[in-house]
Each structure stands twice: as structure tokens, then as C-alpha cells.
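# Geometric and topological summary
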Amino acid sequence: MPDSAHDHAEIQRVINAYSQYASKGLWDRVLPLFLDEAVWEIPHLGMKLDGIEAIEDTLNLFKGTMDYVLQLNSPALIEVDGDSASATSSIRESGKTAGKDEAFDYFGFYADTFARTAEGWKFRTRVFEGLGSQTYALTSGVAH
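Everything in this summary refers to the structure shown in the same document. These figures come from a predicted structure and were not determined experimentally. (Residues numbered from 1 in each chain as written. Predicted model: local features only at pLDDT ≥ 70, side-chain atom pairs only at ≥ 80, totals over all residues. Heavy atoms only, no water.)

## Observations concerning the overall build of the chain
Each helix and strand counted, the chain has three helices and seven strands in total. The N-to-C order of helical and strand elements in the chain reads α-α-β-β-α-β-β-β-β-β. Here the C-alpha radius of gyration of the chain, 16 Å, is about what a compact globule of 144 residues would show, namely 15 Å. Its C-alpha atoms give the chain principal-axis dimensions of roughly 55 × 30 × 25 Å. Within the chain, buried positions represent 39% of all 144 residues. For the chain, the accessible surface area stands at approximately 8,200 Å², while carbon and sulfur atoms represent 54% of it. (Helix = DSSP H or I, 4+ residues; strand = E, 2+ residues; numbered from the N terminus. Rg over C-alpha atoms; globule rule 2.2 N^0.38 Å. Buried < 20%, exposed > 50% of the residue type's maximum accessible area, 1.4 Å probe, protein only. Areas by Shrake-Rupley, 256 points an atom, 1.4 Å probe, with all protein chains shown as cover.)

## Topic: the environment of Asp-83
Relative to the helices and strands, Asp-83 is located in the loop between β4 (77-81) and β5 (84-97). We classify Asp-83 as partly exposed; its relative accessible area is 44%. The sequence separation of Asp-83 and Gln-12 amounts to 71 residues, and the corresponding C-alpha distance is 15 Å. At a separation of 2.7 Å, a polar atom in the side chain of Asp-83 contacts the side chain of Arg-116. (Polar contact = N/O pair within 3.5 Å; in protein donor to acceptor, adjacent residues only side chain to side chain.)

## So, helix α3 (residues 52-64)
Taking 1.5 Å of rise per residue, the 13 residues of α3 would be expected to cover 18 Å, and the 18 Å separating its terminal C-alpha atoms lies within 8% of that figure. Taken together, the buried positions of α3 are occupied by Ile-52, Ile-55, Thr-58 and Leu-59. In an axial view of α3, the angular spread of the buried residues amounts to 130°, which keeps them on one side of the axis. Looking at α3, the residues exposed on the side facing more than 90 degrees away from the buried face are Glu-53, Asp-57, Leu-61 and Gly-64. Elements that come into contact with the buried residues of α3 comprise α1 (5-24), α2 (27-30), β1 (34-42) and β2 (47-50). (Expected span 1.5 Å × (residues − 1). Arc of directions from axis to C-beta. Contact = heavy atoms within 4.5 Å.)

## Remarks on the pattern of salt bridges
Any two side chains of opposite charge can pair if their charged atoms end up close together. In the structure shown here, the tally under the stated rule is six salt bridges. When salt bridges that share partners are traced, they join Asp-7, Asp-83 and Arg-116 into one network. (Salt bridge = Lys/Arg side-chain N within 4 Å of Asp/Glu carboxyl O.)

## Focus: the packing of aromatic side chains
Evaluation of the coordinates by the stated rule reveals eight aromatic pairs. Judged by centre distance (5.0 Å) and plane angle (35°), the rings of Phe-104 and Tyr-106 are tilted. Grouped by ring-pair contacts, the aromatic residues Tyr-18, Phe-34, Tyr-110, Phe-114, Phe-123 and Phe-128 constitute a single cluster. The side chain of Arg-126 reaches across the aromatic face of Tyr-110, ending 3.5 Å from its centre. (Phe/Tyr/Trp six-rings, centres within 6.5 Å; stacked < 30°, edge-to-face > 60°. Lys NZ or Arg CZ within 6 Å of the ring centre and 35° of its normal.)

## With respect to the nonpolar core
Formed by 31 residues in total, the largest nonpolar core has its most connected members in Ile-11, Tyr-18, Phe-34 and Phe-114. Breaking this core down by element, the ones donating at least two residues are α1, α2, β1, α3, β4, β5, β6 (102-117) and β7 (120-137). It is α1 that contributes the most residues to this core, six residues altogether. Dropping the residues within four chain positions of it, Phe-34 is found in contact with Tyr-18, Ile-52, Ile-55, Lys-122, Phe-123 and Arg-126. (Core = buried A, V, L, I, M, F, W, Y, C linked by side-chain atoms within 4.5 Å.)

## Brief notes about the pairing of β5
In this structure, strand β3 (residues 66-73) lies alongside β5, joined through seven bridges in antiparallel fashion. In the strand pairing of β5, Val-69 is matched with Gly-95. Both β4 and β5 contribute to a ladder of five bridges, which runs antiparallel. Its bridge partner lying in β5, Leu-77 is registered against Thr-88. Counting the residues in the hairpin turn of β4 and β5 gives two residues, including Gly-82, whose phi is positive at 65°. (Pairing = 2+ DSSP bridges.)

Coordinates in, geometry out; function isn't part of it.
Structure below.
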């Protein structure tokens, strides 16, 4: 199959959907974006999650440490090769630490691989390459 603009748009949609749904904690929408046998890695934390159940457990664990989170992803650089694809994108994840007047920012890149399925493109692997992070005190302000 040729590398098409439609494939690129659909893969970018999967990446965007992950960021939007993960920010809202909508795991019932996040998890179908992955193959059942998908692998998610965070090397700088020594984490390698094999399969959808391990991914779900870890997403729940992470979400429990935050009062809220918002992922901002950049447009990805995508390459399609038949029914496989790869993409790299940068990410900024900002939020509030659960139960504290403390905020955080995580910066890095995702290196993803995808498989074309009957339901559309799905993550085969997601590898988060962290660049750095910061925490800072929150101050009171106008409610949003």
C-alpha cells in the first residue's frame, strides 16, 4: 500500500486521541488505541509494559498521583511502510500533584510504531524518551 496523506492523518489522529483521552483519564477510549500485545516503555524510569493489561494498570497508577494532567503533543513525523508505520512527536505533560499545591511539567519525545488493523491504525509500541521535568509551587488565583 502506498504511503498516503490519509494514513498520515489517521496516525496523527491516534496520537492526538491518546493525548486527549489520557488527559481526561478516559481509559475506555485510550486502551482501544493499542494492540492487545502492545508494549509501552519509559526507559529512564526502567519501565517496560507488555500488553494492554499492564498498560492499563500503569495508566491508573499514574493518574492516581495527579489531581489533573494535560498532555500537549506536537505534530508527528510519520513514515508508513505498507501496514506498518513509525512516528516521532514531542510532548509536554503538565498537571497538579495529587493533594499538594505543586505543579509539574514533563518534557520529551514519543517514538511510536503502529500496525494497520481492520479497526484502523493502532499503537504497536510507545517509547517515551524523557528530556527533563520540573516541579513548582502553585499559588492561589482566580478560579478557572
